[in-house]
Amino acid sequence: MEKLVISGPTPLRGDVHINGAKNAAVAILPATLLIDGVCTIDNLPNISDVKISCEILERLGAKITWNTPNEITIDTRNIVTTKAPLDLTSKFRASYYILGSMLGRKGEIEVGMPGGCKLGARPIDQHIKGFELLGANVSVEKGTIHAKAKKLVGTSIYMDIVSVGATINVMLASVLAEGTTIIDNAAKEPHIVDVANFLNTMGADIRGAGTDMIKINGVKKLHGETSYSVVPDQIEAGTFMLAAVATRGDLWIRNCITKHLESITAKIMEVGGNVEDEGDSIHVWCKKRPNKANIKTLPYPGFPTDLQPQMGVVLSLANGSSIINESIWDSRFQYTEELNKMGAKITAQGKSAFFEGVDKLYGAPVYSTDLRAGAALIVAGTAAHGITEVYNLEHIDRGYENIEEKFRKIGANIKRISE
Ligand code: EPU
């Protein structure tokens, strides 16, 4: 078993380079199944979710060459099976994108129910509704989803819920469908735009990604022979922005798209931090104890649920009391019990949590309950007095490349230890 041992407090200072977005990468990789050719993808984060995505593609018949730790060339000309490997697809959430891609490419796919962080109920009814409206038959039996279509035909699909996964999955299934598909009440996250940009680079005709109505004119074929660079990770950038505030540090966050960070910037300024952007960098610093603030998580462009635990660390140290309302997931406050072990005073009930700000956090052994909770605990350990041990690192390694190395470079006293 591995753990991270952090000795704090340390104000984080210096430059940090942001990798490509996990949630874009794990959709773009299955999207390559729609291409009958070879393409190169760079700025891929080197994280376990990406490695598992590549293994799944290889088991379906793709040939992958790692050119560098962050760039692959992928040949999807010879897809040999329509059964996705259950042992791998159950390991993470985004394996559901195999459904849309393989329906588009082969008209059939069998895949296990997806795994991923336990954040409460994670139904996929909107994905299935979209596939069925396009003409597929979908059945779910004994934890396996089987989708089959003689032909997919474009249609209008209204999403009952704003869903990132369903928007991308239906977009994937529509790219090679006959005619035009309209996705209404679509999600607008930056990675949705990135997946659409990737597909358009390969010959698709998708318009309106980033708005709540996406129009996909079906094309006959996607070509390869092109390279694509994954968008920078908005959530990784936001994690370091909030780490700068929680530790009263001074960070330059490089290789990010500052437009994607506006809701985080606004909240940081509300709690008394400073933010300035310059090209593809953002400078965040904070010299004093943060002020209280209330947060409600929302789909993009609202405050992202994936930064809620990291913001929770800032508010646990704020001067005054704050409330967070989580509107996306039923169970995203598990990290508050861990923060309370470190001296925080948080009362979580259902989808709300009340933060009575404390002056200091103190090191303690703590457990990541999911990916973003794990990142928040590293931020808390860096801000806390004494030694923090963070366990369950497999969650964190799913989504952050070299996290301890990045924290070490900006001054954190952090090491990974195998027990
Ligand atoms: N929902 C349904 N039915 C569906 C789909 C979703 O009811 O068919 C509900 C969900 O239960 C949830 C809400 O709709 O209450 C939004 O879920 P969404 O589908 O948007 O989430 P997702 O696609 O499963 C992605 C990210 C999550 C991120 C959410 C929200 C990936 C692989 N995962 O999940 O990221 O929290 O969008 O922004 O893109 C993370 O990176 O740590 C993470 C959990």
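This text follows the structure it describes.
Residues numbered from 1 in each chain as written. Predicted model: local features only at pLDDT ≥ 70, side-chain atom pairs only at ≥ 80, totals over all residues. Heavy atoms only, no water.

Chemist: For this particular structure, what's the right way to read the overall build of the chain?
Modeler: What the chain contains, in helices and strands, is 14 helices and 23 strands. Dimensions of the chain, computed from C-alpha atoms along their principal axes, come out at roughly 65 × 45 × 40 Å. Counting all 419 residues of the chain, 59% fall into the buried class. Across the chain, contacts joining residues at least 24 apart in sequence account for 72% of those joining residues at least 6 apart. (Helix = DSSP H or I, 4+ residues; strand = E, 2+ residues; numbered from the N terminus. Buried < 20%, exposed > 50% of the residue type's maximum accessible area, 1.4 Å probe, protein only. Contact = heavy atoms within 4.5 Å.)

Chemist: Mind showing me how you'd approach the nonpolar core here?
Modeler: Nonpolar side chains in soluble globular proteins generally cluster together in the buried interior. Core analysis: the biggest nonpolar cluster contains 76 residues, and I41, I109, M171, F198, L199, I206 and L222 have the highest contact counts within it. When residues in this core are grouped by element, the largest group, 7 residues, is from helix α1 (residues 22-31). In contact with I109, other than residues within four places in its own chain, are T82, A84, I98, L99, M102, L103, I145, H146 and A147. The next biggest cluster of nonpolar side chains, apart from the first, holds 66 residues, and it includes F240, L251, V284 and L315. (Core = buried A, V, L, I, M, F, W, Y, C linked by side-chain atoms within 4.5 Å.)

Chemist: Explain the pattern of salt bridges here, please?
Modeler: Pairs may arise between side chains of opposite charge once their charged atoms sit close together. Inspection of the entire model under this criterion finds 24 salt bridges. Two residues, K259 and E262, come together in a salt bridge whose shortest N-O distance is 3.3 Å. With its nearest N and O atoms 2.9 Å apart, the salt bridge here joins D397 to R416. Residue D397 is located in helix α13 (residues 393-397), and its partner R416 is located in strand β23 (residues 413-418); the two are separated by 19 residues in the primary sequence. (Salt bridge = Lys/Arg side-chain N within 4 Å of Asp/Glu carboxyl O.)

Chemist: When you look at the site of the ligand in this model, what are you seeing that I'm missing?
Modeler: Close to the ligand lie 23 residues; Q126, S163, D306, I328 and R372 are nearest. One of the side-chain N or O atoms of R122 is found 3.2 Å from an oxygen atom in the ligand. Here an oxygen atom of the ligand sits 3.0 Å away from a polar atom, N or O, in the side chain of W329. For the ligand, whose unbound accessible area comes to 830 Å², protein coverage reaches 90%. Listing elements by their share of the shell around the ligand, those giving two or more residues are α1, α5 (125-133), α6 (164-174) and α12 (371-383). The biggest single contributor to the shell around the ligand is α5, with 3 residues. Class assignment for the residues of the shell around the ligand results in 11 nonpolar, 6 polar and 6 charged. Inspection of the shell around the ligand shows a minimum of three residues originating in each of domain 1 (2-19 + 232-418) and domain 2 (22-229). (Near = heavy atom within 4 Å. Polar contact = N/O pair within 3.5 Å; in protein donor to acceptor, adjacent residues only side chain to side chain. Areas by Shrake-Rupley, 256 points an atom, 1.4 Å probe, with all protein chains shown as cover. Nonpolar A, V, L, I, M, F, W, Y, C, P; charged D, E, K, R; others polar. Domains from an automatic or database assignment.)

Chemist: Got a minute to help me understand the sheet that holds strand β9 (residues 156-158) in this structure?
Modeler: Two strands in a sheet stick together by hydrogen bonds in their backbones, pointing the same way (parallel) or opposite ways (antiparallel). Taken together, the 4 strands give an open sheet; going across it, the order is β9-β10-β12-β11, and neighbouring strands pair in mixed fashion. Single-partner strands in this sheet number two, and they are β9 and β11 (205-207). For this sheet, the mean inter-axis angle between neighbouring strands, taken without regard to orientation, is 15°. Direction of pairing for β9 relative to strand β10 (residues 180-184): parallel, over a ladder of 3 bridges. Considered in β10, the bridge of S156 is made with I182. (Pairing = 2+ DSSP bridges. Axes fitted to C-alpha atoms, helices over the stretch in contact; angles between N-to-C directions.)

Chemist: Explain the sheet that holds strand β16 (residues 281-285) to me, please; I cannot follow it from the model alone.
Modeler: What the 4 strands build is an open sheet, ordered β2-β14-β16-β15; its pairing is mixed. Each having just a single partner strand, β2 (13-17) and β15 (274-278) make up the two edges of the open sheet. Each strand of the sheet is rotated relative to its neighbour by a mean of 15°, with strand direction disregarded. Strand direction decides the pairing type here: strand β14 (residues 250-254) and β16, joined by 5 bridges, are antiparallel. When the bridges of β16 are listed, W252 appears paired with H283. Sitting on the sheet, helix α8 (residues 234-246) is in contact with β2, β14, β15 and β16, with an inclination near 170° to β14. Contacting β15 and β16, helix α9 (residues 262-270) crosses the sheet at an angle of about 145° to β15.

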